[in-house]
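Chain and residue survey
Each chain, written out:
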Protein chains: 2
Amino acid sequence: MGIREDILKMKQDAPFLAASDTELRNRALENIISGLENSRDEIFAANRADLDAAAKSGVSDAVMKRLAFTDAKLSDVTEGIRTLISLDDPLGKVSVNRKLSEGLVLRRVSCPIGIIGVIFEARPDALVQISSLCIKSGNCAVLKGGKETRNTNRVLFDVIRSSAVSAGIPETCYMQAEQHSEIDELLKCHSEVDLLIPRGSNEFVSYIMNNTKIPVMGHADGICHIYVDEHADFDKAVSVIFDAKTQYTAACNAVETLLINRKIMDRFLPVLDEALKSGNVTVNGTEEIAGIIDVNMIDEDDFREYLDLAVSVKAVDDVDEAVAHINRFGSHHTDCIITEDDDAALRFQQMVDSAGVYRNCSTRFADGFRYGFGAEVGISTGKIHARGPVGLEGLVTYKYILDGDGHIVGDFASGKKKFEFTDL
Amino acid sequence: MGIREDILKMKQDAPFLAASDTELRNRALENIISGLENSRDEIFAANRADLDAAAKSGVSDAVMKRLAFTDAKLSDVTEGIRTLISLDDPLGKVSVNRKLSEGLVLRRVSCPIGIIGVIFEARPDALVQISSLCIKSGNCAVLKGGKETRNTNRVLFDVIRSSAVSAGIPETCYMQAEQHSEIDELLKCHSEVDLLIPRGSNEFVSYIMNNTKIPVMGHADGICHIYVDEHADFDKAVSVIFDAKTQYTAACNAVETLLINRKIMDRFLPVLDEALKSGNVTVNGTEEIAGIIDVNMIDEDDFREYLDLAVSVKAVDDVDEAVAHINRFGSHHTDCIITEDDDAALRFQQMVDSAGVYRNCSTRFADGFRYGFGAEVGISTGKIHARGPVGLEGLVTYKYILDGDGHIVGDFASGKKKFEFTDL
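My aim in this report is to walk through the structure given alongside it, one point at a time.

Reading the values: the criteria
- Residues numbered from 1 in each chain as written.
- Chains lettered and ligands numbered in written order.
- Predicted model: local features only at pLDDT ≥ 70, side-chain atom pairs only at ≥ 80, totals over all residues.
- Heavy atoms only, no water.
- Axes fitted to C-alpha atoms, helices over the stretch in contact; angles between N-to-C directions.
- Helix = DSSP H or I, 4+ residues; strand = E, 2+ residues; numbered from the N terminus.
- Parallel < 35°, antiparallel > 145°, perpendicular 65-115°, else oblique.
- Contact = heavy atoms within 4.5 Å.
- Phe/Tyr/Trp six-rings, centres within 6.5 Å; stacked < 30°, edge-to-face > 60°.
- Lys NZ or Arg CZ within 6 Å of the ring centre and 35° of its normal.
- Least-squares fit on C-alpha atoms with pLDDT ≥ 70 in both.
- Pairing = 2+ DSSP bridges.
- Buried < 20%, exposed > 50% of the residue type's maximum accessible area, 1.4 Å probe, protein only.
- Buried area = accessible area lost by both parts, 1.4 Å probe.
- Salt bridge = Lys/Arg side-chain N within 4 Å of Asp/Glu carboxyl O.
- Core = buried A, V, L, I, M, F, W, Y, C linked by side-chain atoms within 4.5 Å.
- Left-handed = near helix turned anticlockwise from the far one by under 90°.
- Nonpolar A, V, L, I, M, F, W, Y, C, P; charged D, E, K, R; others polar.
- Right-handed = clockwise from strand over helix to strand, strands pointing away.

**Some points on the packing of helix H2 (residues 22–38) of chain B against helix H6 (residues 124–136) of chain B**
Residues and elements named next belong to chain B.
- Contact geometry of H2 with H6 gives a least axis separation of 9 Å together with a crossing angle of 155°. With respect to H6, the axis of H2 lies roughly antiparallel. Between H2, through Arg25, Asn26, Ala28, Leu29, Ile32 and Leu36, and H6, the contact on the second element is made entirely by Val128, Ser132, Ile135 and Lys136.

Structure below.
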C-alpha cells in the first residue's frame, strides 16, 4: 500500500491530459476559483487548526505568517489564477515548421513534460499556485506540502482536484502525498515521474538531488553577489545593497557577498558601513577590508549563505576578478554589478555564469511574479532546461511531429529524392 | 596527474568563450576547414594505422566502414562545417524583452551551457562534427572518442584545437581524454562539467547515467514502433516498415515492434510477412499473430531492441491501445502511425510520449541531418531540455539580464512603484 500504484494510474492517464484542449484546462482553473471562494469557511477553519497547533509548538511570528491562509492570500491566489487563465496556452506552440521534402513536413510542437513531483514548504498559497501552473501546462502532479499546514492543504487539494475533475480532467492526474515516507517512494519512481521540483532548505534539496535518478529542477544554495565597480554611483550602490540584504533576509535571492573595487574602496566602504550598521547588518570582511572599516574578519575562502542580517565583504581589482570570484564561490543564482560604465556592465553580464545577471538593481527582483510570469514553481540554478524563476514555459517540453505520405529513408540514401529544408 | 586540473582551467576560461563574438567562432570554424584540408595526408596516414590495427584484431566490414576516414568523409565534414558557419549565431538571442517598470528592463538572452563532456563511438567524423557544434555554440568540451580510432582522433583533435586557438579561443577550452580511466574522473567533475552526452551501447549509456551527478543527455534504448491503423494504406505501410527495419538495422531509429489493428490484420499480415521475409527479416509474433502467419512466438511482455533483421509483431484494438503499449514498452524515441484518418493521426501524435511522433513515414528520419540541423551531437529521449536530435539549439541555455538604475524591491513592496510588464 503506497503511492506507486496511484502514480502508475496517473502515468496511464497523462496522455489524455496532454491531448486536452485549452478550454478544458481553463475551465478547470475557473472551477478552482469558484471552488475556493465557495469553500472559504472550510479553508479558514482548517487553517485555524493548523495555526493553533503551530502556536502550541512555539513557532516564530515569521513562520506563522507563512502558515496563515488569510483573506488577502485567498484574493492573491485567485487573482493569480485569473492571470494564468488569460495567458496563452503553452501547449501546441509550433517552434519549427519545416518542409523536409515534397509531402514531408516536420513540426516541433510544445507538449507537457508529463508527471511532475513538487515538494514544497508549509505555505498553503504555494499549493494553489503550483497546482494551477501544472493544470494550465497539462502536467500531472504529485504534491507534497509541509506538514505544518496539513489540514489547510487537505481542504485546498480537495477543492482543486474536484474542480479539475468537474471540468473533465481524469481524477488520477493529481494527487497529494502526506507522509514523509512517501517522498522516498516518489524518489524511486524514475520510470514514471519526469521531473522533481523540491523547495525548502539547502539540506533538503541536496538530499533530493543525491537520492533519485529523476531529473531535479531547483536550487540548493542562494549565494548572490553585488560587485561595486570603480564607476559605480555610490547612492545607487548603497540603496541597492541595503534593499538586497535587508528587504527579506530569509530569501534565496538576498545578497550574501559584496565585492568592492579596490580603486574606490577607501571612499566607498565607510559610506557602505554606516548604511549597513543602521540596518543592524553584521559586516564580515577579509583582512584587507578590516584595515579600512571595523568588521568581523573572515578567511579568503569563507563566503557563505547567511539568510540573516549579515554580509561578507571582499576587495577585487576589476570586473574580471569579480567574475572569477562569483563563478567560483557563487551558486549561479543571481548576481549584480553596480556601474555607470556600459563596457564593464556588458562584460560582467556576458561572463557571469548565473541564472540572473543584473546591473544597478536589487538581486531581490529574481522572482517569477516580478518577472511577469504570473507565478513560479521554483527558481532553477541548473543550466539544463529552465533557468531562473520557472513559470509555464519551464513546465513544457516539445516533440517532433513528422507527417509524410509513405516517405522512406532509402529514397534519400539512394539519391532518388533530396532534402530541401524550407521553413514554412 | 589527471584531467581534473585541466577541467578546472577550462572552467576559468569558459566565460571568455561565452563572451566571444560570432566572427571569432566562425573564424575558428574556417580555420578548421583549411587545417583539415592541409593535413589530409597526415590524417589519412593515421587512419591507415588505425585500420591496420583493426583489421588485425578481426573487426567486421561494417565496423571497418565506421572507422575509416575517407576522402568522401573529409568532404562531408568540411561541408557540414560550412553549413554551421552559415547558420545564425545561437548565442545572444533575446527571447524575452520586457519593461518591468520605468527604467527596469528584463531580457532573457541565450548563452552557452558551459563545459560539455562528449563520449562517443570510434567514428572520426563524429569528433569533427561534435567539436564544430561546440565551437559554434561557445561551449568548452572534453572529448573522448572510441579507442579503435585513437591515431586518427589525435591528429584531428590537434588540427581542431590549433585552428581554434589561432582564431583567438583559449587553448584550455578543448581537450581530448584518451584513457578509459579518465571517463570515471570526468564523471566526478559535477561542479565543473555542465552536461554529459554519451553515445554508444545501451550498457555504456546506462553506466554513465547511473554513475554521475552531472546531467546526462542521450538515450540508452531505441525501441521504435510502427502502428498500422485500420485506415492504413497497405502499400505505404509495407514500404515504410521495410525501410524502417532494413535500411540500417544497427541504428537506434530502426523499427523494432509493429502493432497491427485487429480489424485489418487478417488481410494485412500475409502481405507484410511476404515483404519482410523477402528482406530476410525474422518475424516474431504473439500467439494471436502466430494464428495467422508463420512466426517465432514471443510472450506478451517481451518486446526488445533487436538492432538486427528481426521484428516483433502484436495486435491491438485501436489507437488508444497502441498508444498505451508504446508509452509502456517503448523508449520514448520515435514512433509512427500508418493511417489515412486525420483524427486517428492527431490522437496518436498528441498522446504518444516520444521525442518523434510520425505519420506515414519511416522512423529512420529521426536524425539531425535529416531534420535540417546540419549536424547533431546525439539524440535525446529525455524530456528535460533538448529532445530528439540535438543540434545547436540543444547546446545553449539562457540567462536573465536585468538592467536598472538603482531599482530596489522595497519600492515595489511598499506600493511606491508598480510593475507594468510591457513586452518591448
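**Quick look at the packing of aromatic side chains**
- On inspection of all chains with the given rule, the structure shows 27 aromatic pairs over all chains.
- Ring plane angle 20° and centroid distance 4.3 Å describe the contact between B:Phe412 and B:Phe419, whose orientation is recorded as stacked.
- Members of the aromatic cluster, joined through ring pairs, are A:Phe365, A:Phe369, B:Phe412, B:Phe419 and B:Phe421.
- Lying across the ring of A:Tyr398, A:Arg108 places its NZ or CZ 4.6 Å from the centre.

**Some thoughts on the relation of the copies chain A and chain B**
- Overlaying chain A on chain B yields an RMSD of 0.0 Å, the required transformation being a rotation through 180° with an accompanying axial translation of 0.0 Å. Given the turn and translation reported, the copies of this chain are related as if by a two-fold rotation axis. Residues of chain A ranked by C-alpha distance from the rotation axis are headed by A:His385, positioned 1.9 Å from it.
- Of all interface residues in chain A, 100% are interface residues in chain B too; the two copies therefore contact each other through one and the same surface.

**Structural notes on the sheet that holds strand E11 (residues 310–316) of chain B**
- Overall, mixed pairing links the 11 strands, which are arranged E17(A)-E1(A)-E2(A)-E16(A)-E13(B)-E12(B)-E7(B)-E8(B)-E11(B)-E9(B)-E10(B) in an open sheet. Each of the sheet's edge strands pairs with one partner strand only, and the pair in question is strand E17 (422–423) of chain A together with strand E10 (296–297) of chain B.

**Comments concerning unusual backbone geometry**
- For A:Phe421, which is not glycine, the phi dihedral falls at a positive 55°.
- Relative to the helices and strands, A:Phe421 is located in the loop between helix H15 (409–413) and E17.
- Note on A:Phe421: relative accessible area 28%, which makes it partly exposed.
- One non-glycine residue with positive phi stands out, namely B:His332, at about 60°.
- Tracing the sequence through the fold places B:His332 in the loop between helix H13 (319–329) and strand E12 (334–338).

**With respect to the pairing of E11(B)**
Residues and elements named next belong to chain B.
- The element E11 is largely enclosed, with a buried count of 7 among its 7 residues.
- Residues Ala310, Ser312, Lys314 and Val316 point to one face of E11 and Val311, Val313 and Ala315 to the other, with burial holding for every one of them.
- Here strand E8 (residues 255–261) runs beside E11; their pairing, made up of 5 bridges, is parallel. When the sheet's bridge partners are listed, Leu258 is paired in E11 with Val313.

**Topic: the interface of chain A and chain B**
- Facing 74 residues of chain A, the contacting portion of chain B comprises 74 residues.
- Approximately 6300 Å² of surface area, both sides summed, lies buried where chain A meets chain B, with 57% of it carried by carbon and sulfur atoms.
- If you sort the residues of chain A by the area they bury against chain B, A:Ile384, A:Tyr400 and A:Val409 come out on top, with a joint share of 11%.
- Where chain A touches chain B, the interface holds 6 salt bridges.

**Describing the nonpolar core**
- B:Leu36, B:Ile226, B:Leu258 and B:Ile260 are the most contacted members of the largest nonpolar core, which has 114 residues in total.
- Leave out the neighbours within four places in its chain, and B:Ile226 touches B:Val240, B:Ile241, B:Ala244, B:Val255, B:Thr257, B:Leu258, B:Leu259, B:Cys336, B:Ile338 and B:Thr363.
- Formed by 113 residues, the second largest nonpolar core is a distinct cluster that contains A:Cys173, A:Met217, A:Ile241 and A:Ile289.

**Here we look at the sheet that holds strand E11 (residues 310–316) of chain A**
- Read across the open sheet, the 11 strands follow the order E10(A)-E9(A)-E11(A)-E8(A)-E7(A)-E12(A)-E13(A)-E16(B)-E2(B)-E1(B)-E17(B); overall the sheet is mixed. Bordering the open sheet on either side are strand E10 (296–297) of chain A together with strand E17 (422–423) of chain B, each of which pairs with just one other strand.
- Bridge analysis of strand E1 (residues 94–101) of chain B against strand E2 (residues 104–112) of chain B gives 6 bridges, and the strand direction is antiparallel. Bridging from a neighbouring strand, B:Lys99 pairs with B:Val105 of E2(B).

**Focus on the pattern of salt bridges**
All names here are of chain A.
- Considering all chains together, one arrives at 64 salt bridges over all chains under this definition.
- Taking the shortest distance from any N to any O, the salt bridge between Arg4 and Glu192 comes out at 3.3 Å. Placement of the pair is Arg4 in helix H1 (residues 4–18) and Glu192 in the loop between helix H8 (181–187) and strand E6 (195–198), with a sequence separation of 188 residues.
- By relative accessible area, Arg4 is classed as partly exposed at 38%.
- Residues Lys383 and Asp353 are paired through a salt bridge, measuring 2.7 Å at the closest nitrogen-oxygen approach. Of the two residues, Lys383 is situated in the loop between strand E14 (378–380) and strand E15 (388–390) and Asp353 in the loop between helix H14 (342–351) and strand E13 (356–361); the sequence distance between them amounts to 30 residues. As far as burial versus exposure is concerned, Lys383 and Asp353 are alike and both buried.
- Beyond isolated ion pairs, a larger network of salt bridges with shared partners links Glu121, Arg123, Asp125 and Arg199.

**Some remarks on the packing of H2(B) against helix H5 (residues 71–86) of chain B**
Residue and element names in this part refer to chain B.
- Close contact between H2 and H5 brings their axes to 10 Å; oriented N to C, the two are set at 165°. In terms of orientation, H2 and H5 fall into the roughly antiparallel class. When you trace H2 past H5, the crossing you get is left-handed. Every residue of H5 that contacts H2 at Asn26, Leu29, Glu30, Ile32, Ile33, Leu36 and Glu37 is listed here: Leu74, Val77, Thr78, Ile81, Arg82, Leu84 and Ile85.
- Counted by class, the contact of H2 with H5 contains 9 nonpolar, 2 polar and 3 charged residues.

**Here's the deal with the pairing of strand E7 (residues 224–228) of chain B**
Residues and elements named next belong to chain B.
- The buried fraction of E7 amounts to 5 of the 5 residues, a majority that puts the element mostly inside the structure.
- The pairing of E7 with E8 spans 5 bridges and is parallel. In the strand pairing of E8, Cys224 is matched with Val255.
- Viewed along the sheet, the connection from E7 through helix H10 (residues 234–246) into E8 turns out right-handed.
- As defined by bridge partners, E7 adjoins E12 across 4 bridges and the pair is classed as parallel. Residue pairing in the sheet places Tyr227 in a bridge with Ile337 of E12.

**Some thoughts on the environment of A:His325**
Residue and element names in this part refer to chain A.
- As for its position among the elements, His325 is in helix H13 (residues 319–329).
- Classification of His325 as buried rests on a relative accessible area of 5%.
- Excluding anything up to four places from it in sequence, His325 contacts His225, Thr257, Leu259, Phe303, Lys314 and Gly330.

**Examining the environment of B:Val255**
Residue and element names in this part refer to chain B.
- Position of Val255 relative to the elements: it lies in strand E8.
- We classify Val255 as buried; its relative accessible area is 0%.
- For Val255 and Gly356, which are 101 residues apart along the polypeptide, the C-alpha to C-alpha distance reads 13 Å.
- For Val255, the residues in contact, after removing those within four places along its chain, are Cys224, His225, Ile226, Ile241, Ala244, Lys245 and Thr363.

Don't take any of this as a statement about function, it's just geometry.
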